[in-house]
Amino acid sequence: MPIYLAPLEDMRFVLHELHEDKAIADLPDAAEFTPELVDSVLEEAAKFTEGVLFPLNQTGDLEGCVFENGVVRTPAGFKAAYDAFCRGGWTSMSAAQEFGGQNMPVSVSMCVEEMMCSANVAFGLYPGLTHGAYLALSQHGTAAQKRLFLPKMAAGEWSGTMCLTEAHCGTDLGLLRTKAVPNGDGSYALTGAKIFISAGEHDLTENIVHLVLARLPDAPPGVKGISLFVVPKFLVAEDGSLGARNGVTCTAIEHKMGIKASATCSLAFEGAQGWLVGAAHQGLRAMFTMMNIERLSVGIQGLGVAEVAYQNAVNYARERLQGRALNGAKYPDKPADPILVHPDVRRMLLTMRAYIEGCRALSGWVAREIDILHRSEDEDAKQSADDFTALLTPVVKAMFTDLGFEIASMAMQCYGGHGYIRDHGMEQYVRDARIFMLYEGTNGVQALDLVGRKLPQEGGRLLTRFLDPVLDFIAANEDEEMAPFVTPLRGALENLQIATGYVMETGMSDHDEIGAASADYLRLFGLTALGFMWARMAKLSLPRAEERFYKAKLTTAKFFMQRLLPQSGALLAGIQSGAAVMMEMEDAAF
């Protein structure tokens, strides 16, 4: 049976030491979020995710969702768990107080989100999508829309979705065909079909608030003609009471490789009544409010599954007796040594640990900047935070999910054949993790966004938000004690700077160069960011190197610098090889 214990010690380290959450408590409307309160929230979240959500993960995967006559039933136990989730106030963590929320910093809620993803990622998609829809409505909806929908969504009584994809178009939303025709009373009649709608139909809430992209009759072609509409499953009266069923129905659920307890639906809109959110033909901008936070959340999904996979791999490596250590028996009183003694097993475990703790540290940095963006009254600080989060969003989404799948697969490798069978739960983590690289924009799209849009944006200003603190750190830590960490970081940063110059120069005359370099560039960027996090964690750990936690941090930091960060050189070489070798192959030759 799989195990899971929330990594509270490392989360506290990231929040209280690495990123100093006192700075968040100093922001407007955040004074109450002291380290003591934050710790209590994390401890309660650990109890709920470990005790309520985790036991439903395997059973939910085995049972899956059931679709009958337009009705979707979630697996046994999900409804009771969701009701307990709402009673505990977890749905309202980050919602505004005016709508019944707790106004919790993203720095804290992201840790809770990671626990949910480790314990039961399929369950977490239901409240996760609702939060994204809540954010889009809170930033772009009318006062009446906010008053009508947001309190119920914050309380978890109603859930939310984002309805973008159609069968003929995924990433290229300019091709979508769903139509919205004015009814003459301020509402619109929506007609069309959407696919791959997470939480599009289920039995957890009494209403579902769909945010739907569609075209008005006078819409210009392409993405400039897309508008956003709020379309509830049940129509809502002005007093918030539910009325007749709206013209939106579930026509099927997908039979998927993983996340089987999450209902992924096909929806038909047949004259469904909806209301415009934001300005006409500006729907993509409004939807990206939701998509950007969802992309960060998907990155946390990768981190969460990686964490639980790693924990189980470590547990198995300690218990599984197989062979003897290469330099002689380490446990001569046993019939064989645990596989933990073997260098290759330790390589896999340390690789997992180094990536996981590095990603947790990086997500903490991004979360802190989001809190500054949302709460600060300093316009310069807000602009800097906005630049930084825009730059790092594709990196978090793509790299965390790439690593999440790699780590789940590596954890299975630690089990050998036992990982491939259902009993130990490892094969589910591999299946679940694979979707993270695909939805909310495939990782190839994220890489193109980073290289093609974010790097040249504002004359390269966004990139300086990352480079400047790294350069400042290196300059301030040119001493012998930090050399094992700063020297490799400096080398990776130089590789990143060379790669940036190459892509910007060659991409000006040949855009294929941008596409050819993008995936390797994103990985190079991500590795450098993790290197910065590990150098900072090493600096904090050195004065306390005799303590178990900090000693392990230093060992893992050394492993990352010596065994993983050197990939940056190979990535640079690949980037500099250019696009020609990819593009010269004739189409028919593939």
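What counts and how
Each residue is numbered by its place in its chain's sequence as written, counting from 1. Under the rules for a predicted model, residues below a pLDDT of 70 receive no local features and side-chain atom pairs below 80 are neither given nor counted, while totals for whole chains, interfaces and linings still include all residues. The side-chain quantities take in all heavy atoms of the structure and omit both hydrogens and water. Secondary structure counts use DSSP, requiring at least four H or I residues in a row for a helix and at least two E residues in a row for a strand, with both numbered from the N terminus. Helix span, expected: 1.5 Å multiplied by one less than the number of residues in the helix. Per-residue accessibility, obtained with a 1.4 Å probe over protein chains only, is compared with the maximum for each type, and a residue is labelled buried under 20%, exposed over 50%, and partly exposed between these values. A residue counts toward a patch only above 30% relative accessible area and without a salt bridge, and it is joined to like-charged neighbours within 9 Å or, for Val, Leu, Ile, Met, Phe, Trp and Tyr, to nonpolar neighbours within 5 Å. Areas reported here follow the Shrake-Rupley algorithm with a probe of radius 1.4 Å; residue values treat only the protein chains shown as occluding. Salt bridges, as used here, are contacts in which a Lys or Arg side-chain nitrogen is within 4 Å of a carboxyl oxygen on Asp or Glu. Lines fitted to the C-alpha atoms define the axes, with helices restricted to the stretch that makes contact. Angles between their N-to-C directions range from 0 to 180 degrees. Orientation is classified from the angle alone, with under 35 degrees giving roughly parallel, over 145 giving roughly antiparallel, 65 to 115 giving roughly perpendicular, and any other angle giving oblique. Contact between two residues is taken to exist if any of their heavy atoms lie within 4.5 Å; hydrogens are not considered. Picture the helix axis, draw a direction to every C-beta atom, and the arc is the one those directions span. Cavity means a closed set of points on a 1 Å grid over the protein atoms alone, one where a 1.4 Å probe fits but cannot get out, pocket means an open set with protein on both sides within 12 Å along at least 5 of 7 lines, and lining means a residue has an atom within 4 Å of a point. Grid points are joined across faces, edges and corners, and a volume is the space filled by probe spheres set on the points. Any pair of nitrogen or oxygen atoms within 3.5 Å is treated as a polar contact; in protein, a donor-acceptor pairing is required on top of that, and neighbouring residues in sequence qualify only through side-chain atoms on both sides. Left-handed is the label given to a crossing in which the near helix is rotated counterclockwise from the far helix by less than a right angle, and right-handed is the label when the rotation is clockwise. Residues are sorted three ways: Asp, Glu, Lys and Arg are charged, Ala, Val, Leu, Ile, Met, Phe, Trp, Tyr, Cys and Pro are nonpolar, and all the rest, Gly among them, are polar.

J.: Is there a simple way to think about helix α3 (residues 35–53) in this case?
T.: Because each turn of an α-helix spans 3.6 residues, side chains separated by three or four positions end up pointing in the same direction. With 19 residues, α3 should cover 27 Å at 1.5 Å per step; its first-to-last C-alpha distance of 25 Å lies within 8% of that length. What α3 keeps buried is the set Val38, Asp39, Val41, Leu42, Ala45, Ala46, Phe48, Thr49 and Leu53.

J.: What am I meant to see in a nonpolar patch on the surface here?
T.: Taken together, the side chains of Val581, Met582 and Met583 present a nonpolar region at the surface, about 310 Å² in accessible area. Its location among the elements puts Met582 in helix α18 (residues 580–583). The class of Met582 is partly exposed, set by a relative accessible area of 46%.

J.: Would you mind going over the packing of helix α10 (residues 379–415) against helix α15 (residues 512–541) with me for this structure?
T.: Helix-helix packing is characterised by the crossing angle of the two axes and by the distance between the axes. With their axes 10 Å apart at the nearest point, α10 and α15 run at an angle of 90° to one another. When the interaxial angle is binned, α10 and α15 end up roughly perpendicular. Contacts between α10 and α15 pair Leu391, Leu392, Pro394, Val395, Ala398, Met399, Asp402, Leu403 and Glu406 from the former with Leu522, Arg523, Phe525, Gly526, Leu527 and Leu530 from the latter.

J.: Sorry, what's going on with helix α17 (residues 567–576) here?
T.: Those residues of α17 lying buried are Ser568, Leu571, Leu572 and Ile575. Seen end-on, α17 carries its buried residues on one side only, within an arc spanning 100°. If you follow the buried residues of α17, they end up packed against α14 (483–509) and α15. Looking one or two residues past α17, Gly578 carries a phi angle of roughly 85°, positive in sign.

J.: I'm lost on empty space enclosed by the protein in this one. Help?
T.: By rolling a water-sized probe across the atoms, one finds the places where empty space is left. Under the definition given, this model contains eight cavities of 30 Å³ or more. Estimates place the volume of the largest cavity at around 80 Å³. Lining of the largest cavity is provided by Val14, Leu15, Ser107, Met110, Cys111, Glu114, Ile300, Leu303, Arg360, Ser363, Gly364 and Ala367. Those elements that place two or more of their residues in the lining of the largest cavity are α1 (8–18), α6 (106–140), α8 (283–319) and α9 (343–375).

J.: Looking at this structure, I do not really get the pattern of salt bridges. What am I missing?
T.: Side chains that differ in charge, positive against negative, can pair when their charged atoms come close. Per the stated rule, a full pass over the model turns up 26 salt bridges. Ionic pairing is found between Asp10 and Lys553, a salt bridge with its closest N-O pair at 2.6 Å. Placement of Asp10 in helix α1 and of Lys553 in helix α16 (residues 548–564) is noted, with a sequence separation of 543 residues between them. Across the pair, exposure class does not vary: Asp10 and Lys553 are buried alike. Arg353 is the salt-bridge partner of Glu357, the closest N and O atoms lying 3.2 Å from each other. Within this pair, Glu357 and its partner Arg353 are both found in helix α9, separated by four residues, close to a single helical turn. We classify Arg353 as partly exposed; its relative accessible area is 23%. Taken together, the shared-partner salt bridges connect Asp10, Glu114, Glu307, Arg353, Glu357, Arg360 and Lys553 into one network.

J.: Would you take a moment to explain the environment of Asn207 for this structure?
T.: In this structure, Asn207 sits in strand β6 (residues 207–214). Look past the residues within four positions of Asn207 in its chain and what remains in contact with it is Glu157, Trp158, Ser159, Pro232, Lys233, Phe234, Val236 and Leu242. Within the local environment of Asn207, its side chain forms a polar contact with the backbone nitrogen of Lys233, the two atoms lying 3.4 Å apart.

J.: Got a minute to help me understand the packing of α6 against α9 in this structure?
T.: One way to put it is that α6 packs onto α9 with a least axis distance of 8 Å and a crossing angle of 140°. Taken together, the axis directions place α6 and α9 in an arrangement best described as oblique. When the axes of α6 and α9 are compared, the crossing they make is right-handed. Of α9, the residues touching α6 (which contributes Val106, Ser107, Met110 and Glu114) are Arg360, Ser363, Ala367, Arg368, Ile370 and Asp371. Of the residues that constitute the contact of α6 with α9, the class distribution is four nonpolar, two polar and four charged.

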